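Examining the three-dimensional arrangement
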Amino acid sequence: MIAHNRPHITKEDRAAVDRVLQSGWIAQGVEVNALEAGFADLLGGGDACAVSSGTAALFLALKALGAGEGWKVAVPTYACSALLNAVHHAGASPVLADVMSDTFCMDPSHRVLEDADIVIAVNTYGAQADLRAIRRTGQKVIEDCCHSLGAVHRPQDEEGDAAIFSFYATKLITGGQGGLVWARGTATAEAVRDYRQFDCRESYQPRFNLQMTDLQAALINSQMRRLKNIRQRRQDIAQTYLSALPDGLTAQSRTIGSESIPYRFVVCAPGRAVRDALKQHLSDAGVGSAVPIERYELLHRYLNLSPQDFPVAERLADVTLSLPVHTGLTDEEIDHVVHTIRSFHP
Ligand SMILES: Cc1ncc(COP(=O)(O)O)c(C=O)c1O
């Protein structure tokens, strides 16, 4: 079976981890510092703070921006439940927006944006959320880049905002787990750093151990060195699939192109029955695929809100299917996926 997703770990990556093991210092240390400095370079300045997961990064970014009781945080309903967890743990209240049918990113015209204090805008599967249209005056925005590392990033130009990343096992670059908060101004990253540095402090306030280890950072740093190649390979695979799609199937917009990165290649079928038939067709041919977000996972369903208020997300959950686009695929495997897509008749 061709895996839908698989970490692509090279011998250089393994050697990088081995060097840390041999160094005698495996906790947070020089590799984490190097990762943070590398992100500041990649994103054209600012300050970065590496943490234990993308969820921790979201939680800490929210805390650093002041979120707490009485704050409303707008999030897209078509997203990972990590967003809800982070908002709740920060003591704030989530308000949910529907998404756009072409990019799957937050609908900038959604009414909940009007009185949200903070918006978490997700670059869903590598397509960039329209931050300019999303932001209302006086609002803070967290750009969730868990799916868009390696895209031509447009760093937030507003002081006090933040971008967050994940290095979970299925992500574009992985440390098994891991996350990072980046901000243009130093105050946000400093607040995150303060919370993460839970021990040996002169004055006490509640903090938490949300640190990344040097083992994880070394694995991440090693992959970061080939980020451009990873992006190019994914673009090439996605472009090849796009050209092979039979009439009746379309793909998510704006994951391929000069500003994006295809974290996923998501096909849209005309309805649930065709989507399920495509999944079966791929499986019969030995090609793994995944429904990116099932209906029951939609955030408005977790919050018992009416499905009728989120028609686009409801439809996406029914008609979408994600194909393998990871860099561990061989050319033969890609050809096989292409042949299998071509032989599907919706
Ligand atoms: C858009 C998005 N944000 C945040 C997260 C949380 O990241 P992590 O799994 O590293 O906690 C995920 C997880 O998959 C995600 O998809």
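Residues numbered from 1 in each chain as written. Predicted model: local features only at pLDDT ≥ 70, side-chain atom pairs only at ≥ 80, totals over all residues. Heavy atoms only, no water.

1. Considerations on the sheet that holds strand β5 (residues 140-144)
Note the cut-off: Following DSSP output, two strands are said to pair if at least two bridges run between them. Starting at the N terminus, helices and strands are each numbered in turn, a helix being any DSSP run of H or I of at least four residues and a strand any DSSP run of E of at least two. All axes are obtained by fitting lines to C-alpha atoms, using only the stretch in contact for helices, and the reported angles, taken between N-to-C directions, cover 0 to 180 degrees. Contact definition: two residues touch when any of their heavy atoms are within 4.5 Å.
The strand order across the open sheet formed by seven strands is β1-β7-β6-β5-β4-β2-β3, and the pairing between neighbours is mixed. At either end of the open sheet lies a strand with only one pairing partner, and these are β1 (47-51) and β3 (93-97). Taking the axes of each pair of neighbouring strands and ignoring which way they run, one obtains an average angle of 20° across the sheet. Sheet topology note: the strand β2 (residues 72-76)/strand β4 (residues 118-122) ladder contains two bridges and is parallel. Across the sheet, residue Val73 finds its bridge partner in β4, namely Ile118. Taken strand by strand, helix α6 (residues 186-196) contacts β1, β6 (162-166) and β7 (179-183), and its axis lies near 25° from that of β1.

2. What to know about the nonpolar core
Short version of the rule: Nonpolar cores are built from buried Ala, Val, Leu, Ile, Met, Phe, Trp, Tyr and Cys residues. Side-chain atoms within 4.5 Å join them into one set. Buried means the residue's accessible area, taken with a 1.4 Å probe over protein chains only, is under 20% of the maximum for its type, while exposed means over 50%, and partly exposed covers the values in between. Residue ranges assigned to the domains are those given by an automatic or database domain assignment.
One finds Phe39, Tyr78, Leu149, Phe165, Phe167 and Leu180 to be the most contacted residues of the largest nonpolar core, which totals 35 residues. Looking at this core, you find at least three residues from each of domain 1 (11-224) and domain 2 (227-342). Discounting chain neighbours no more than four positions away, the residues touching Tyr78 are Val99, Phe104, Thr124, Tyr125, Pro292, Ile293, Leu298, Ala313, Leu316, Ala317 and Thr320. Leu58, Ala67, Val75 and Val181 belong to the second largest nonpolar core, which has 34 residues in total.

3. Things to note about the domain arrangement of the protein chain
Let me state the cut-off plainly: Throughout, the accessible surface (probe 1.4 Å) given up by two parts as they are put together, summed over both, is called the buried area. Whenever a carboxyl oxygen of Asp or Glu lies within 4 Å of a side-chain nitrogen of Lys or Arg, that contact is scored as a salt bridge. Identification of polar contacts relies on pairs of N or O atoms within 3.5 Å, with a donor-acceptor requirement for protein atoms, meaning one able to donate a hydrogen and the other able to accept it, and with residues adjacent in sequence counted only if both atoms are side-chain atoms.
Splitting the protein chain by domain gives domain 1 (11-224) and domain 2 (227-342). Placing the centre of domain 1 and that of domain 2 at their C-alpha centroids yields a distance of 24 Å. Each partner contributes to the interface: domain 1 provides 39 residues, whereas domain 2 provides 34 residues. Summing the contributions of domain 1 and of domain 2, the shared interface buries around 2,900 Å²; its carbon and sulfur component is 66%. Among the residues of domain 1 in contact with domain 2, Tyr78, Tyr125 and Leu172 are the three that bury the most area, contributing 23% of the side total. If you look at where domain 1 meets domain 2, you find zero salt bridges. Inspection of the region where domain 1 meets domain 2 yields twelve residue pairs in polar contact (both at pLDDT 80 or more). Of all the elements in the fold, those that place two or more residues in the side of domain 1 that touches domain 2 are β2, α4 (82-89), β3 and α7 (214-224).

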